[in-house]
Amino acid sequence: MGATRIIPTLFRENGRNDLNALERQNGFDPLAEGQAMLRLIAELYPICRSITGDGLRETLRLLQRQIPLELREVPTGTQVFDWTVPKEWNIRDAYVKNAKGERVIDFQKSNLHVVNYSVPVRQRVGLAELKEHLFTLPKHPDWIPYRTSYYKESWGFCLSENQLVGMKDEEYEVCIDSTLEDGHLSYGEYFLPGEMRDEVLISCHACHPSLCNDNLSGIALAVSLAQRLKSIPRRYSYRFLFIPGTIGAITWLAKNEEKIANIKHGLVLTGVGDAGALHYKKSRKGTAEIDRAAAHVLKHCGQAHEILEFSPYGYDERQYCSPGINLSVGRLSRTPHGTFPEYHTSADNLEFVHADKLGGALAVSLEILSVLENNGTFVNSSPKCEPQLGKRGLYRMIGGTPDAGVSEMAMLWVLNQSDGENSLLDIAERSGMRFDAVSKTAKALEEHKLLR
Amino acid sequence: MGATRIIPTLFRENGRNDLNALERQNGFDPLAEGQAMLRLIAELYPICRSITGDGLRETLRLLQRQIPLELREVPTGTQVFDWTVPKEWNIRDAYVKNAKGERVIDFQKSNLHVVNYSVPVRQRVGLAELKEHLFTLPKHPDWIPYRTSYYKESWGFCLSENQLVGMKDEEYEVCIDSTLEDGHLSYGEYFLPGEMRDEVLISCHACHPSLCNDNLSGIALAVSLAQRLKSIPRRYSYRFLFIPGTIGAITWLAKNEEKIANIKHGLVLTGVGDAGALHYKKSRKGTAEIDRAAAHVLKHCGQAHEILEFSPYGYDERQYCSPGINLSVGRLSRTPHGTFPEYHTSADNLEFVHADKLGGALAVSLEILSVLENNGTFVNSSPKCEPQLGKRGLYRMIGGTPDAGVSEMAMLWVLNQSDGENSLLDIAERSGMRFDAVSKTAKALEEHKLLR
Amino acid sequence: MGATRIIPTLFRENGRNDLNALERQNGFDPLAEGQAMLRLIAELYPICRSITGDGLRETLRLLQRQIPLELREVPTGTQVFDWTVPKEWNIRDAYVKNAKGERVIDFQKSNLHVVNYSVPVRQRVGLAELKEHLFTLPKHPDWIPYRTSYYKESWGFCLSENQLVGMKDEEYEVCIDSTLEDGHLSYGEYFLPGEMRDEVLISCHACHPSLCNDNLSGIALAVSLAQRLKSIPRRYSYRFLFIPGTIGAITWLAKNEEKIANIKHGLVLTGVGDAGALHYKKSRKGTAEIDRAAAHVLKHCGQAHEILEFSPYGYDERQYCSPGINLSVGRLSRTPHGTFPEYHTSADNLEFVHADKLGGALAVSLEILSVLENNGTFVNSSPKCEPQLGKRGLYRMIGGTPDAGVSEMAMLWVLNQSDGENSLLDIAERSGMRFDAVSKTAKALEEHKLLR
């Protein structure tokens, strides 16, 4: 193993939300990175994405300005494991007009107003019949819910409870100017080769319309990771997927079965921009290296965090961790989906995501990848008793002081544990030291021929 | 695996002792069952049982009115492992008369008054000499203790401290009209065949005289279990033993060594009628399926409960869990023996046991057996990514709601974990769901060919 | 296994520092033993020890009056693994005289005043230049620090901060009348053969000058252990090493590689006389028999105690637990080195160590060795059901009392667990009983042919 890859120890807060306390090592400024991520989110926010269609394609093309993403198209009807690639959905306009011809529900104001994948409709209906196709959130009367009907042909509108209350019992003109026809499922893929064929998979979903934390924050984080990784030496190859949720992951896995064995670690990124604590959800295996690396980095990151056990519900880790795939893929989020009221509503907007939180998630992601890049198992080449560090200039020269230096302690740990069984991450865990301290120590000892 | 066997989820309390909160599913009414158990206990209560003799035989014959029990007789002197079947003990009468000829201690009033297995005596003694054969409980001056002397020929009387205090220093006439002669050791056995030769052993001791919680509650519970099990489909065969403690279990094991290998799980039932919390004592193995099933059921049962580690002291689990037998046999009780003052005294009477507590123990026992009956390991037949539940009518049709239904969650857990390694009980434990929910889900998925 | 070896259960305090509560079993009086240890410490205290030289030799010769120690000499320049035996250091006198010719720093008053291994010096210097060679402890202005410079040729004086404050800016005469020349490294070795070639290693460092807890307490404990062990039957052989820290352990290991395989267990003894709680530091393996024996004894010892995980810093366990040696060697101390202010200062003096604490450490050490001596794995020769203890006189004859005796419980545990898999220590741990109770029970059962 050569030079330290990626830049570990990028980010530490003294307390929560304290941006002044960020360490800006190696020119890495998490807040500035977070601001760039926020700009990308703002650019993508207005687009009406779905699991297929032009909104998704436009999103991927905008991402191509950031990273050299390849756009893939899979035809409707393609069999992918137990599923079939659905018809492509596109929408130009949609509204409900009252008797005066006023748009009381207007797709142009928010693309959440239309139930995603609604079939084309053009009819006049009374309020009672219309209500069977209307969805609101009575508990949050100002918010528009987000609804989909991908696999059952249907139509509907989402609106705020306040809007609904204001609608009189009259005849309405309903129009959904959509198409649901044979076409393609689109996704973006960016493969960044490293020294090894072994891959790290970074996956995010890109199928939600105007929702910021849910989908755009993960996209922005994946883009920033790709940008940083492409400019530094990498042991692993990295594969970035920007895909429609569920069907996209299934499609990629079904079409790339021969590549699955190369994927040694992976992260699903989503919901990383809200103000909540970082949450790492373990892979199905539970003790994979990515699980241990993430737990280690979070433990030392100085940000509020929590480790979640695996469960088969959630985002595309469901597919990556299905029993016949069983990849070592965990998920990094902040507040878990479904546990905050803004989830899948119009309140998951540009104000709900924050540059510092996005930057913090980037820093932690980079540190996790840095652990994977720099982890390894060494053998102490002088294993019988301690080697004499002093004659190599590795030891304080005057003995007898009550406290020995931390770096000596790191040397003693690495030397003691490097019997060919313990990885550097094992040593970091057993010693309670940060991985980067252990890793730097191992490199110093390797240079002095004390490790091989 | 076919239809769900036994009736799971029979019983849940919202709080302790709240009979109104009992769910009466499938016509199962735990309180009514408990009342029937209490009637049986009342019928058996007056009989003077011992480890051999007519009291034990009479008890077994009364049980034959409830279930088709077979009565076995093993002759005195039979070698059973390290033990020998003892002489048979019978007693007609016993008393201590004072100088006026009044019975101051009278076996007819309570069979606890005679030390069980006392040899025949007929003599006149002064108080001082008599006292060497008298046993009281000074801390509980109204109660009569229960004492035995099975393996050392001896005699004695038990009485209340208050009785003893009232006895004057005069000559007494002592009579124990007992016999201790070659005869037989009796026990009852009921074998209920199932689909498999594999057996579940249900064992209770039936050797205590007028004690309700200690022995009669376990007998009543075993009878009720047998009655319910015989009327429903069973995967396992069930063997019920109503035996004298220690020597009965040793005798059965020694005489039936060829059957031991068929016993896959077992429960010793005793002390299940008092007002205390349910206690499951683990088998010697500690992680046997019965141990895990019992822990799971108790965790979800809504009744106060505790899990006890195995120890080699207690009831007949001592024999079933001896190192050369080592069966997966646990013990279900309420307050553990020896930890309540009424234990082995006349206060363990009909007022000490309660219909609702007996019914609660029955419900929990049935649920434990239901876990064993319905447990199994399946294989997801569509293991690569999730199968499309929607096209099989197994999934909500409109997506995007914040909370997905519980049964979908159960489907996802069962599908995700069914890789041939994890049993349904494993899945229930990992998911935190009730076994019956997991089991029903597995059956639904099996019907849709998603599991095999 | 024959008679119980060593004398278990030597020592129990009801509370801390309560010498009246000491049990004096088998003629063992921990306080008297501790007083003898304290006398030895007082005798050795004035000597100026170092990792080589006449102070170390004198110390070892004084120990030869206590135990038949062999004195070993290894020449300067001998290669020992990665290290080289250093030149031998000796010192006759050292001082700093002020302009009036008064000794303001005087080696005759305390041998801590000279930095250990200082090269010879004889010169006149001003205060400013002198200060570069002076070391104080400003936080403890009355104390003299202890400093060494073994592997870098240098010189210096240690003094109290109060002394330094009183030194005027004038010319001083500096004299260190030392020699640093080719010679030998000395150490003491005492081998006490037992029934087996398998050894227990007892190691303590003997290289510190006038420091009581750090080095002398460990020496005194090792001497007392050796004295007691040599007079009683021993299954294990015992090897006692009195060695200079680090280089001594490395030298012994390098020169005796063929003996290392015989060492099955070991203890490093140091810092056992202060008023703090006992601390056992686990071996690198963490679950070695010595680790479990020490944890068991401490749990039941009635003295305050703590178990420390292994770390590669500390005393000579660093060498014994290096990856290429990896012996099952733990460390017994009271307050861990470096965590009390008196550590490596003149305050680690005769008042800092206490007879009762030394005696308590001896008692615990003997109990740990007793566990090793008496541990073993037995097989129940009557494993099918319980053997009938009563017919062997091993059981109470009148049944039915609520509490069975403790020793019956021990018999049941030993019989139940003795399936050839569980050692007596395993049984003590599972049952929660003291090892000595389990061990005595096993012997009783062995005599009755119930164990083999």
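Values in this document were obtained by computation on a predicted structure and should not be read as measured data. (Residues numbered from 1 in each chain as written. Chains lettered and ligands numbered in written order. Predicted model: local features only at pLDDT ≥ 70, side-chain atom pairs only at ≥ 80, totals over all residues. Heavy atoms only, no water.)

1. Examining the overall build of chain A
No. 1: Scanning chain A for helices and strands turns up 13 helices and 18 strands.
No. 2: Principal-axis analysis of the C-alpha atoms gives chain A an extent of 90 × 45 × 35 Å.
No. 3: Among the 452 residues that make up chain A, the fraction classed as buried is 64%.
No. 4: Here the contacts in chain A between residues at least 6 apart in sequence split such that 79% fall between residues at least 24 apart. (Helix = DSSP H or I, 4+ residues; strand = E, 2+ residues; numbered from the N terminus. Buried < 20%, exposed > 50% of the residue type's maximum accessible area, 1.4 Å probe, protein only. Contact = heavy atoms within 4.5 Å.)

2. Description of helix α10 (residues 355–374) of chain C
No. 1: The first and last C-alpha atoms of α10(C) sit 28 Å apart over 20 residues, in line with the 28 Å expected at 1.5 Å per residue.
No. 2: Taken across its 20 residues, α10(C) has 20 buried, putting it largely inside the fold. (Expected span 1.5 Å × (residues − 1).)

3. Some words on the sheet that holds strand β13 (residues 263–269) of chain B
Residues and elements named next belong to chain B.
No. 1: Reading across the sheet, the eight strands line up as β1-β10-β12-β11-β13-β16-β14-β15 and stay open at both edges, with mixed pairing between neighbours. A strand with exactly one partner marks an edge of an open sheet, and here the two such strands are β1 (70–75) and β15 (305–308). Between one strand and the next, the sheet's axes are offset by a mean angle of 20°, whatever the strand orientation.
No. 2: Bridge analysis of strand β10 (residues 184–192) against strand β12 (residues 237–243) gives five bridges, and the strand direction is antiparallel. Bridge pairing in β12 places Tyr 190 opposite Phe 240. (Pairing = 2+ DSSP bridges. Axes fitted to C-alpha atoms, helices over the stretch in contact; angles between N-to-C directions.)

4. Concerning the interface of chain B and chain A
No. 1: The interface is formed by 28 residues belonging to chain B together with 29 residues belonging to chain A.
No. 2: Across the interface of chain B and chain A, roughly 2,600 Å² is buried in total on both sides, 52% from carbon and sulfur atoms.
No. 3: Taken together, the connections running from chain B to chain A amount to five salt bridges.
No. 4: One salt bridge in this structure joins B:Arg392 and A:Asp82, with 2.7 Å as the shortest N-O distance.
No. 5: At the surface where chain B touches chain A, the tally comes to 14 residue pairs in polar contact (both at pLDDT 80 or more).
No. 6: For the side of chain B that touches chain A, the elements supplying multiple residues, two or more each, are α11 (406–417) and β18 (419–423) of chain B. (Buried area = accessible area lost by both parts, 1.4 Å probe. Salt bridge = Lys/Arg side-chain N within 4 Å of Asp/Glu carboxyl O. Polar contact = N/O pair within 3.5 Å; in protein donor to acceptor, adjacent residues only side chain to side chain.)

5. Concerning the interface of chain C and chain A
No. 1: The partner chain A presents 28 residues to the 30 residues of chain C that form the contact.
No. 2: Buried surface at the junction of chain C and chain A, both sides included, amounts to about 2,600 Å², of which 52% is carbon and sulfur.
No. 3: Three residues, C:Asp82, C:Pro312 and C:Tyr313, lead the burial of chain C against chain A; their summed loss comes to 25% of the area buried on that side.
No. 4: If you look at where chain C meets chain A, you find five salt bridges.
No. 5: In this structure, C:Arg318 engages A:Glu386 in a salt bridge whose closest nitrogen and oxygen atoms are separated by 2.5 Å.
No. 6: On inspection of chain C and its partner chain A, the count reaches 14 residue pairs in polar contact (both at pLDDT 80 or more).
No. 7: Those elements that place two or more of their residues in the side of chain C that touches chain A are β3 (83–84), α6 (247–255) and α9 (317–320) of chain C.
No. 8: Split by residue class, the side of chain C that touches chain A holds 13 nonpolar, 11 polar and six charged. (Nonpolar A, V, L, I, M, F, W, Y, C, P; charged D, E, K, R; others polar.)

6. Details of the sheet that holds strand β9 (residues 171–181) of chain B
In sheet architecture, strand pairing relies on hydrogen bonds along the backbone and comes in two forms, parallel and antiparallel.
Residue and element names in this part refer to chain B.
No. 1: Strand order across the open sheet formed by four strands is β5-β4-β9-β6, with antiparallel pairing between neighbours. The sheet is open, and its two edges are formed by β5 (103–106) and β6 (121–126), each paired on a single side. Ignoring which end each strand starts from, the neighbouring axes of this sheet average 20° apart.
No. 2: Where β6 lies against β9, six bridges are found, and the strand directions are antiparallel. Within β9, the residue paired with Gly 126 across the bridge is Glu 171.

7. Some details on the environment of B:Leu267
Residue and element names in this part refer to chain B.
No. 1: Considering the arrangement of structural elements, one finds Leu 267 in strand β13.
No. 2: Sequence separation between Leu 267 and Ser 203 is 64 residues; the distance between their C-alpha atoms is 6.3 Å.
No. 3: Apart from the residues lying within four places of it in its own chain, the contact partners of Leu 267 are Leu 201, Ile 202, Ser 203, Tyr 280, Ile 290, Val 329 and Gly 330.

8. Re the packing of helix α10 (residues 355–374) of chain B against helix α13 (residues 435–447) of chain B
Relative orientation and spacing of two packed helices are given, respectively, by the angle between their axes and the distance between those axes.
All names here are of chain B.
No. 1: Between α10 and α13, the shortest axis-to-axis distance is 11 Å and the interhelical angle comes to 30°. With respect to α13, the axis of α10 lies roughly parallel. Classified by chirality, the crossing of α13 by α10 is left-handed. On the side of α10, the interface is formed by Ser 370, Val 371 and Asn 374, while α13 contributes Phe 435, Ser 439 and Lys 443.
No. 2: Its residues placed into classes, the contact of α10 with α13 shows two nonpolar, three polar and one charged. (Parallel < 35°, antiparallel > 145°, perpendicular 65-115°, else oblique. Left-handed = near helix turned anticlockwise from the far one by under 90°.)

9. Details of the relation of the copies chain C and chain A
No. 1: Least-squares fitting of chain C to chain A yields an RMSD of 0.1 Å, with the transformation described by 0.0 Å of translation along the axis and a rotation of 120°. These values place the two chain copies in the arrangement generated by a three-fold rotation axis. For chain C, the minimum C-alpha distance to the rotation axis belongs to C:Thr287 and amounts to 13 Å. (Least-squares fit on C-alpha atoms with pLDDT ≥ 70 in both.)

10. Some remarks on the confidence of the model for chain A
No. 1: Confidence in the prediction for chain A averages 92 pLDDT; 92% of positions are at 70 or higher.
No. 2: pLDDT under 50 marks residues 1–5 of chain A. Its contacts with residues more than four places away, or in other chains, come to 19 contacts. (pLDDT = per-residue confidence, 0-100.)

11. Regarding the packing of aromatic side chains
Residues and elements named next belong to chain B.
No. 1: As enumerated under the stated definition, the model contains 27 aromatic pairs over all chains in all.
No. 2: When the centroid spacing of 5.9 Å and the interplanar angle of 25° are considered together, the rings of Tyr 190 and Phe 240 count as stacked. Taken together, the positions of Tyr 190 in strand β10 and Phe 240 in strand β12 put the pair 50 residues apart, joining distant regions of the chain.
No. 3: Given the relative accessible area of 7%, Tyr 190 is considered buried.
No. 4: When the ring of Phe 340 is compared with that of Phe 352, the centres are 5.3 Å apart and the planes differ by 25°; the resulting orientation is stacked. Of the two residues, Phe 340 sits in the loop between β16 (329–333) and α10 while Phe 352 sits in the loop between β16 and α10, which places them 12 residues apart along the sequence. (Phe/Tyr/Trp six-rings, centres within 6.5 Å; stacked < 30°, edge-to-face > 60°.)

12. Things to note about the pairing of strand β16 (residues 329–333) of chain A
Residues and elements named next belong to chain A.
No. 1: Burial runs high along β16: five of the five residues are buried.
No. 2: Here four bridges tie strand β13 (residues 263–269) to β16, and the two strands are oriented parallel to one another. Each residue of the ladder has a partner; that of Leu 267, found in β16, is Gly 330.
No. 3: In the sheet, strand β14 (residues 278–281) pairs with β16 via three bridges, with the strands oriented antiparallel. Along β16, the bridge assignment pairs His 279 with Ser 333.

13. Overview of the packing of helix α12 (residues 424–431) of chain A against helix α13 (residues 435–447) of chain A
Residues and elements named next belong to chain A.
No. 1: At their nearest, the axes of α12 and α13 sit 9 Å apart, and the two run at 125° to each other. Taken together, the axes of α12 and α13 lie oblique to each other. Relative to α13, α12 is oriented so that their crossing is right-handed. For the pair α12 and α13, contact is made by Leu 424, Leu 425, Ile 427, Ala 428 and Ser 431 and by Phe 435, Val 438, Ser 439 and Ala 442, respectively.

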